[in-house]
Amino acid sequence: SQQGEEDPQALSIQEGENATMNCSYKTSINNLQWYRQNSGRGLVHLILIRSNEREKHSGRLRVTLDTSKKSSSLLITASRAADTASYFCATDSGANSKLTFGKGITLSVRP
Amino acid sequence: GAVVSQHPSRVICKSGTSVKIECRSLDFQATTMFWYRQFPKQSLMLMATSNEGSKATYEQGVEKDKFLINHASLTLSTLTVTSAHPEDSSFYICSHRTAGEKLFFGSGTQLSVL
């Protein structure tokens, strides 16, 4: 069943701008992860945030987690054309080590 | 990180034939491999969990006789789509989860059944 729901579904920005993507989920989680997928390729792990963490940074990525609202956001600062891809949030509820993925957000960064 | 090699990257086959997809763990031993299916512009749907040396665990609604999973060694898991039909056309991806909780994915296989 779908757990994470990202919004917006599609985002188009100019190179250099920041991109903010949101994810909402329904059940309690152990951690939430963000992945990136280039067209026709497998997914690449970007960042993981645990349920007891509120914010995490990795390079140009900043992820926040609000467990009271059951939501997370991924911010990509100073975007580049190479950031064009689909981005998925995935929740880990600790049940059988399975991750549940959202529908994904398509990010287009115009050069 | 853990490298997962998936082959083939693309396959076109006739309806009724079987297709085998391989996933190899190159620098680690994978006791568990996850197999996902993805339709265009859709999310990943977990099909089954492949366990080395034992039977795979299939998700609800996934036909185990249709999608045969074999995990005979710690470095190789295979998914065979038997008697493929056009509705089986999809993107199939394998992944392995490390002790660090994140998933490492293969590059995916685009299956087109004519």
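What counts, and at which threshold
- Residues numbered from 1 in each chain as written.
- Chains lettered and ligands numbered in written order.
- Predicted model: local features only at pLDDT ≥ 70, side-chain atom pairs only at ≥ 80, totals over all residues.
- Heavy atoms only, no water.
- Phe/Tyr/Trp six-rings, centres within 6.5 Å; stacked < 30°, edge-to-face > 60°.
- Helix = DSSP H or I, 4+ residues; strand = E, 2+ residues; numbered from the N terminus.
- Buried < 20%, exposed > 50% of the residue type's maximum accessible area, 1.4 Å probe, protein only.
- Pairing = 2+ DSSP bridges.
- Axes fitted to C-alpha atoms, helices over the stretch in contact; angles between N-to-C directions.
- Disulfide = S-S within 2.5 Å.
- 1 Å grid on protein atoms, 1.4 Å probe; cavity = no way out; pocket = protein on both sides within 12 Å on 5 of 7 lines; lining within 4 Å.
- Points joined across faces, edges and corners; volume = space filled by probe spheres on them.
- Nonpolar A, V, L, I, M, F, W, Y, C, P; charged D, E, K, R; others polar.
- Contact = heavy atoms within 4.5 Å.

Draft legend 1. A look at the packing of aromatic side chains. Following the criterion strictly, the structure yields 6 aromatic pairs over all chains and no others. Centre to centre, the rings of Phe101(A) and Phe105(B) are 6.1 Å apart; their planes meet at 70°, and the pair counts as edge-to-face. Note that Phe101(A) is positioned in strand S10 (residues 99–101) and Phe105(B) in strand S10 (residues 103–105), a pairing that runs across two chains. As far as the burial class goes, Phe101(A) and Phe105(B) line up, both buried. Both rings, one in Phe67(B) and one in Tyr92(B), keep their centres 6.3 Å apart while their planes meet at 45°; by these two values the pair is tilted. You can see Phe67(B) sitting in strand S7 (residues 67–73) and its partner Tyr92(B) sitting in strand S9 (residues 90–97), a full 25 residues away along the chain. Taken as a pair, Phe67(B) and Tyr92(B) share a single burial class, namely buried.

Draft legend 2. Examining the sheet that holds strand S8 (residues 76–81) of chain B more closely. Residue and element names in this part refer to chain B. Strand order in the open sheet formed by 4 strands is S1-S3-S8-S7, with antiparallel pairing between adjacent strands. A strand with exactly one partner marks an edge of an open sheet, and here the two such strands are strand S1 (4–7) and S7. In this sheet, adjacent strand axes meet at a mean angle of 15° when their direction is disregarded. Across 6 bridges, strand S3 (residues 19–25) lies against S8 in antiparallel orientation. Of the residues in S8, the one forming a bridge with Lys20 is Thr80.

Draft legend 3. Layout of the state of the cysteines. All names here are of chain B. Throughout the structure, instances matching the rule amount to 2 disulfides over all chains. What pairs with Cys23 in a disulfide is Cys94, and their sulfur atoms sit 1.6 Å apart. With the S-S dihedral at roughly -85°, the linkage between Cys23 and Cys94 falls on the left-handed side. Pair noted here: Cys23 is in strand S3 and Cys94 is in strand S9, with a separation of 71 residues, a long-range link. Residue Cys23 is classed as buried on the basis of its relative accessible area, which comes to 0%. On the basis of relative accessible area, Cys94 is assigned to the buried category, the value being 0%. The thiol of Cys13 is unpaired, and the distance to the nearest cysteine sulfur, on Cys23, comes to 17 Å.

Draft legend 4. Local environment of the layout of surface pockets. Approximately 700 Å³ is the volume attributed to the largest pocket. Surrounding the largest pocket, 27 residues form its lining, Gln37(A), Ser86(A), Gln38(B), Pro40(B) and Lys41(B) being those nearest its centre. Residue contributions to the lining of the largest pocket peak at 3 residues, all from strand S9 (residues 85–92) of chain A. Of the residues assigned to the lining of the largest pocket, the class counts are 7 nonpolar, 16 polar and 4 charged.

Draft legend 5. Geometry of the side chain of Ser86(A). Residues and elements named next belong to chain A. Of note, Ser86 is situated in strand S9. Here Ser86 falls in the buried class, since its relative accessible area comes to 19%. Once residues within four sequence positions are removed from consideration, Ser86 is found in contact with Tyr35, Arg36, Gln37, Ile105 and Thr106.

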